[in-house]
Amino acid sequence: MSSTDELLIGVNDSAKSEEQTLVRHDTVRVKIGEWEVDSVRAEVSRDNECKKVERRLLKLLMLLARHPGKPVTKDVLLTQVWAGKYASNDTLSVAISQLRKLLGCNANTPQYIETISGFGYRLLVPVIPLEEAYADQNEAGRRTAAGENKQKSPSELTQRKKSQKRFLMVFFTAAVSLVVFFAIFFWMEKSQNINNDKSENNNAMSAASIDAVLQHSFYQKARFLLEDDKRSHATIQEAKQLARALVDLFPDSAEAYALVATSNKFLYFYSGPIEKKAFVPEIQQSVDAALNIDPSNLRALTEAWQYYSYINIQPRKAVEYLNKTITLNPSDGAAHAQYAQLMLALRNFDRAVHHNKVAATILASHYSSASMIWIFQMSGRYEEALAELNKLYSVMPDSLDYHRSAIKLYENMGNEEKAFELYLASFKRVGYSDEQIKQVETIFHEKGLKGLNEWLVISKKEEKDVGQHTPPYSFARYHAAAGNAGQAIEYLEKTEQENRSVLLWINADPKFASLVGLPRFEALKARLGL
């Protein structure tokens, strides 16, 4: 038997133990290690020590207690303890820390709760359900008859018998009503308990299924191959085969289908212009299958917005999936960053700024990102763009991002001298000879940036990225700056044929402002959903 099979058996046994109910969902009191936990009073106690427990912490502890000695994934804990509310891994980590403090242990020397790095948590101590005996105590009241013991008249005796008869009828009716009431009550309670047990078992089986996929060696190896910095076309193909095998094993798993989408996405980007098209249909099919199984699966949602952002370019569809991703996981910095870029593409500058700032609070790397410069300069907020440019220069003065951003910003501001100074730095960076440097200096002094752009596209046919990307997109930019509208649109259409996502920003980029209103340009925007 393989280690994979043993792992699957362990997960299935965990699900069965839930049915056998070591600790039921409705258990009132349990003993966890040294501590007695009372879920009604929301307190833990040992010896003469008693502590109150916040309800959500109690729910977290009782969920771990249903799987003593077995790991419980972060996803399961977040889904069941914070159902319907936003919670991140940090939220869970803080809650576990509070539980440890409550129980008197810590992460370095865990006595009660062990952290399983990158996976979840495990309760280390035995769990014993405690039976509660509740006895209803009825108080008996005694009535003392007052008055004299005297002889009653026949009329009085008749009246007394009638009163007693009425009393017995009322009593009998009330008794029957109570019996019916309690019968209905207990039937409803039993039905509710049965439904709760079914729901609990379904949740347990669902959690077990998710655990089975995440813990499977196929899943783990595929993830490793895809996230390895040394990945190649061959290793991505291997990851795809593992992902497909996982779908065969778990045909109802959104995670498995999402992993197929991820592997095909990598193959798309690692293939040539002709070969990559073959992977597009399977990416969409896998994403759709994953979201049909679980519309809230974050991996599937991420693959969806990336697919519509970079492959089958539909910005409004991408925004739809980004909205869902951010709603479910507001701490996803990459989602906020991409949302900002799509808002820029759709010319919603205020929302672009907002989400880019949110991304910067989450992603450390976003401090030096050029994206905020582009947003500010495309919306005409040049002073703010300059401040962001200086920030980028302070950490990445020789980066391509800095040169691209600076050239475009100073061009848009009309500062041709500064823009040309940055062009020269880029020309030297890509290996221009001294003779070529003298030539471009002469062209600039005679014809300005318009003449330089015309020289770059017509005479030099520059294919290197000197600050305006690479052909055919760079040729479109050079022609637009030189005033050649028809040629600019022609090269934009060639860029469209290559399916390059850089086209998303043509409606917001001042470089192409002169093309707005031209039929071919407007048709291109419509095809891109802009």
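Please read these numbers as outputs of a predicted model, since none were measured by experiment. (Residues numbered from 1 in each chain as written. Predicted model: local features only at pLDDT ≥ 70, side-chain atom pairs only at ≥ 80, totals over all residues. Heavy atoms only, no water.)

**Some points on the overall build of the protein**
And step 1. The number of helices and strands found in the protein is 21 helices and eight strands.
And step 2. The burial tally for the protein puts 43% of its 530 residues in the buried class.
And step 3. By sequence separation, contacts in the protein at least 24 residues apart represent 57% of the contacts at least 6 residues apart.
And step 4. Entry remark: accessible area of the protein is about 28900 Å², with carbon and sulfur atoms responsible for 52%. (Helix = DSSP H or I, 4+ residues; strand = E, 2+ residues; numbered from the N terminus. Buried < 20%, exposed > 50% of the residue type's maximum accessible area, 1.4 Å probe, protein only. Contact = heavy atoms within 4.5 Å. Areas by Shrake-Rupley, 256 points an atom, 1.4 Å probe, with all protein chains shown as cover.)

**Thoughts on the packing of helix α6 (residues 217-227) against helix α8 (residues 254-269)**
And step 1. For the pair α6 and α8, interaxial distance at closest approach is 11 Å and the crossing angle is 25°. Considered as vectors, α6 and α8 are oriented roughly parallel to each other. Crossing hand, α6 versus α8: left-handed. Between α6, through Tyr 219, Ala 222, Arg 223 and Leu 226, and α8, the contact on the second element is made entirely by Glu 255, Leu 259, Thr 262, Ser 263 and Phe 266.
And step 2. When the residues that make up the contact of α6 with α8 are grouped by side-chain class, the tally is five nonpolar, two polar and two charged. (Axes fitted to C-alpha atoms, helices over the stretch in contact; angles between N-to-C directions. Parallel < 35°, antiparallel > 145°, perpendicular 65-115°, else oblique. Left-handed = near helix turned anticlockwise from the far one by under 90°. Nonpolar A, V, L, I, M, F, W, Y, C, P; charged D, E, K, R; others polar.)

**Some thoughts on the sheet that holds strand β7 (residues 120-123)**
In a beta sheet, neighbouring strands are held together by backbone hydrogen bonds and run either parallel or antiparallel to one another.
And step 1. Strand order in this open sheet of three strands is β5-β7-β6, and the pairing throughout is antiparallel. Where the open sheet ends on each side, the last strands, each with one partner, are β5 (71-73) and β6 (113-116). Averaged over all adjacent pairs, the angle separating strand axes in this sheet is 30°, with direction ignored.
And step 2. Pairing geometry for β6 and β7, over four bridges, is antiparallel. Across the sheet, the residue bridging to Thr 115 is Tyr 121, located in β7.
And step 3. Contacting β5 and β7, helix α3 (residues 74-81) crosses the sheet at an angle of about 65° to β5. (Pairing = 2+ DSSP bridges.)

**Topic: the sheet that holds strand β8 (residues 127-130)**
And step 1. Here we have five strands laid out as an open sheet, ordered β4-β3-β2-β1-β8, and antiparallel in their pairing. Two strands close off the open sheet at either side, each with one partner strand: β4 (49-52) and β8. Geometrically, the sheet is characterised by an average inter-axis angle of 20° between neighbouring strands, direction not taken into account.
And step 2. Against the sheet, helix α4 (residues 89-103) makes contact with β2 (35-38), β3 (43-46) and β4, and its axis sits at roughly 160° relative to β4, the strand it touches most.

**Considering the pairing of strand β1 (residues 29-32)**
And step 1. Note: β1 against β2, four bridges, orientation antiparallel. In the strand pairing of β2, Arg 29 is matched with Asp 38.
And step 2. Linkage of β1 to β2, two consecutive antiparallel strands, is achieved through a turn of two residues, within which Gly 33 is found at a positive phi near 65°.
And step 3. Bridge count between β1 and β8: four bridges; the pairing is antiparallel. Residue pairing in the sheet places Val 30 in a bridge with Pro 129 of β8.

**Things to note about the pattern of salt bridges**
Pairs may arise between side chains of opposite charge once their charged atoms sit close together.
And step 1. Summed over the entire model, instances satisfying the criterion amount to 26 salt bridges.
And step 2. Between Lys 511 and Glu 411 there is a salt bridge, with its nearest N and O atoms 3.2 Å apart. Highlighted residues: Lys 511 in the loop between α20 (485-497) and α21 (519-528) and Glu 411 in helix α16 (residues 400-413), separated in sequence by 100 residues.
And step 3. Residue classification places Glu 411 among the buried positions, given a relative accessible area of 17%. (Salt bridge = Lys/Arg side-chain N within 4 Å of Asp/Glu carboxyl O.)

**Let's talk about the packing of aromatic side chains**
And step 1. Using the criterion set out here, one finds nine aromatic pairs in the structure.
And step 2. Look at Tyr 393 and Tyr 402: their rings are 5.1 Å apart centre to centre, the planes differ by 50°, and that puts the pair in the tilted class.
And step 3. On the basis of relative accessible area, Tyr 402 is assigned to the buried category, the value being 9%.
And step 4. Centroid distance Phe 427 to Tyr 432: 4.6 Å. Interplanar angle 5°. Geometry classified as stacked. Considered together, Phe 427 and Tyr 432 belong to a single accessibility category, that of buried residues.
And step 5. Here the aromatic residues Tyr 307, Tyr 308 and Tyr 321 are joined through ring pairs into a cluster of three or more.
And step 6. The side chain of Lys 276 reaches across the aromatic face of Tyr 268, ending 4.6 Å from its centre. (Phe/Tyr/Trp six-rings, centres within 6.5 Å; stacked < 30°, edge-to-face > 60°. Lys NZ or Arg CZ within 6 Å of the ring centre and 35° of its normal.)

**Quick word on helix α2 (residues 55-65)**
And step 1. The buried fraction of α2 is high, at eight of 11 residues.
And step 2. Taken residue by residue, α2 has Leu 57, Leu 58, Leu 60, Leu 61, Met 62, Leu 63, Leu 64 and Ala 65 as its buried positions.
And step 3. Between the side-chain oxygen at the start of α2 and the backbone nitrogen of Arg 56 there is a gap of 3.1 Å, and the oxygen is on Glu 54. (Polar contact = N/O pair within 3.5 Å; in protein donor to acceptor, adjacent residues only side chain to side chain.)

**What to know about α6**
And step 1. Burial in α6 covers these residues: Tyr 219, Ala 222, Leu 225 and Leu 226. End-on view of α6: buried residues confined to an arc of 135°, all on one side of the axis. (Arc of directions from axis to C-beta.)

**Some points on the nonpolar core**
And step 1. Ranked by internal contacts, the top residues of the largest apolar core, which has 106 residues, are Phe 427, Leu 452, Leu 492, Ile 506 and Phe 512.
And step 2. Ranked by residues supplied to this core, first place goes to α8 with 10 residues.
And step 3. Look past the residues within four positions of Phe 427 in its chain and what remains in contact with it is Tyr 432, Ile 437, Val 440, Leu 452, Leu 456 and Val 466.
And step 4. In terms of nonpolar packing, the next biggest core, distinct from the first, is built from 35 residues, Val 76, Ile 96, Cys 105 and Tyr 112 among them. (Core = buried A, V, L, I, M, F, W, Y, C linked by side-chain atoms within 4.5 Å.)

**Focus on the environment of Tyr 219**
And step 1. Along the chain, the position of Tyr 219 falls in helix α6.
And step 2. For Tyr 219, a relative accessible area of 5% gives the class buried.
And step 3. Separated by 37 residues in sequence, Tyr 219 and Ala 256 place their C-alpha atoms 7.7 Å apart.
And step 4. The contacts of Tyr 219, once residues within four sequence positions are left out, are Val 213, Leu 214, Leu 246, Glu 255, Leu 259 and Arg 299.
And step 5. A distance of 3.3 Å separates a polar atom in the side chain of Tyr 219 from a polar atom in the side chain of Glu 255.

**Here's the deal with unusual backbone geometry**
Most peptide bonds adopt trans geometry, and most residues besides glycine take a negative phi value.
And step 1. With an omega of 0°, the peptide bond between Pro 471 and Pro 472 qualifies as cis.
And step 2. In this fold, Pro 472 is placed in the loop between α18 (434-459) and α19 (473-482).
And step 3. Of note in the backbone geometry, Lys 461 takes a positive phi value of approximately 50° without being a glycine.
And step 4. Take Lys 461: it is sitting in the loop between α18 and α19.

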